[in-house]
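Now for the letters of each chain:
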Amino acid sequence: MLYAKLSSQGDILDVAPYQDGEYSVLVAPNDPFVAEILAAKISQESSQELLNSSDQEMMRVLEDLIDLLTEKRLIQFTELPMAAQKKLLSRKFVRRIHSGNNDTLIGEIPDDDALI
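Residues numbered from 1 in each chain as written. Predicted model: local features only at pLDDT ≥ 70, side-chain atom pairs only at ≥ 80, totals over all residues. Heavy atoms only, no water.

Student: Which parts of the structure should I look at to understand the packing of aromatic side chains?
Tutor: Ring pairs (aromatic) are described by centroid distance and by the angle formed between their planes. For the structure shown, the criterion picks out 1 aromatic pair. Judged by centre distance (5.6 Å) and plane angle (65°), the ring pair of Tyr18 and Tyr23 falls under edge-to-face. Taking relative accessible area as the criterion, Tyr18 reaches 43% and is therefore assigned partly exposed. Note on Tyr23: relative accessible area 8%, which makes it buried. (Phe/Tyr/Trp six-rings, centres within 6.5 Å; stacked < 30°, edge-to-face > 60°. Buried < 20%, exposed > 50% of the residue type's maximum accessible area, 1.4 Å probe, protein only.)

Student: Help me understand unusual backbone geometry, please; the structure alone is not making it clear to me.
Tutor: Excluding glycine, most residues fall at negative phi; most peptide bonds, likewise, are trans. Phi at Arg73 is positive, roughly 60°, even though this residue is not glycine. Its location among the elements puts Arg73 in the loop between α2 (47-71) and α3 (82-98). Since its relative accessible area comes to 76%, Arg73 is described here as exposed. (Helix = DSSP H or I, 4+ residues; strand = E, 2+ residues; numbered from the N terminus.)

Student: Would you mind showing me how to read α3 here?
Tutor: Side chains of residues three or four places apart in an α-helix project in the same direction, reflecting 3.6 residues per turn. In a regular helix each residue adds 1.5 Å, so 17 residues correspond to 24 Å; α3 covers 24 Å between its end C-alpha atoms and thus fits that length. Among the residues of α3, Gln85, Lys86, Leu88 and Ser90 are the ones counted as buried. Of the residues trailing α3, Gly100 is marked for its positive phi of about 90°. (Expected span 1.5 Å × (residues − 1).)

Student: Can you help me understand the sheet that holds strand β3 (residues 23-27) in this one?
Tutor: Paired through their backbone hydrogen bonds, the strands of a sheet run either parallel or antiparallel. One open sheet accounts for 3 strands, arranged β2-β1-β3; its pairing is antiparallel. At either end of the open sheet lies a strand with only one pairing partner, and these are β2 (12-16) and β3. Neighbour to neighbour, the strand axes of the sheet diverge by 45° on average, direction disregarded. (Pairing = 2+ DSSP bridges. Axes fitted to C-alpha atoms, helices over the stretch in contact; angles between N-to-C directions.)

Student: Sorry if this is basic, but what is going on with the side chain of Asp14 here?
Tutor: For Asp14, the position within the fold is in strand β2. A relative accessible area of 19% means that Asp14 is categorised as buried. Here Tyr23 takes part through its side chain, which lies 2.7 Å from a polar atom of the side chain of Asp14. Among residues more than four places away in sequence, those in contact with Asp14 are Tyr3, Ala4, Lys5, Tyr23, Ile37 and Lys41. (Polar contact = N/O pair within 3.5 Å; in protein donor to acceptor, adjacent residues only side chain to side chain. Contact = heavy atoms within 4.5 Å.)

Student: Just to check I follow, could you spell out the environment of Pro29 for this structure?
Tutor: One can find Pro29 in the loop between β3 and α1 (32-44). For the pair formed by Pro29 and Leu2, sequence separation is 27 residues and the distance between their alpha carbons is 6.8 Å. Excluding residues within four positions of it along the chain, Pro29 makes contact with Leu2, Val34 and Ala35.

Take a look at the structure:
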């Protein structure tokens, strides 16, 4: 869904994928004017930045999916490859630190067993 920022005359100035005080009117992405604004935005941002942003969001989706599957006991965390386990645990640890919950999830990691 896309939301438009309108001028005082009701013309579309900009669009965003979220709704807030400025972007309040729901618009169709196939509207020619909206499509033109989107094309201009995409050409302004590098495709690499878009991919990086998408990759970060996708990683969080995968982490949540793995958590859900393990909670429902459809998979066991230990069935994942060791490198994947280490990466997931390190990301969970860092997220907890940033959210203010500083509980240690993993102990001291020996130098010869650094996170991948």
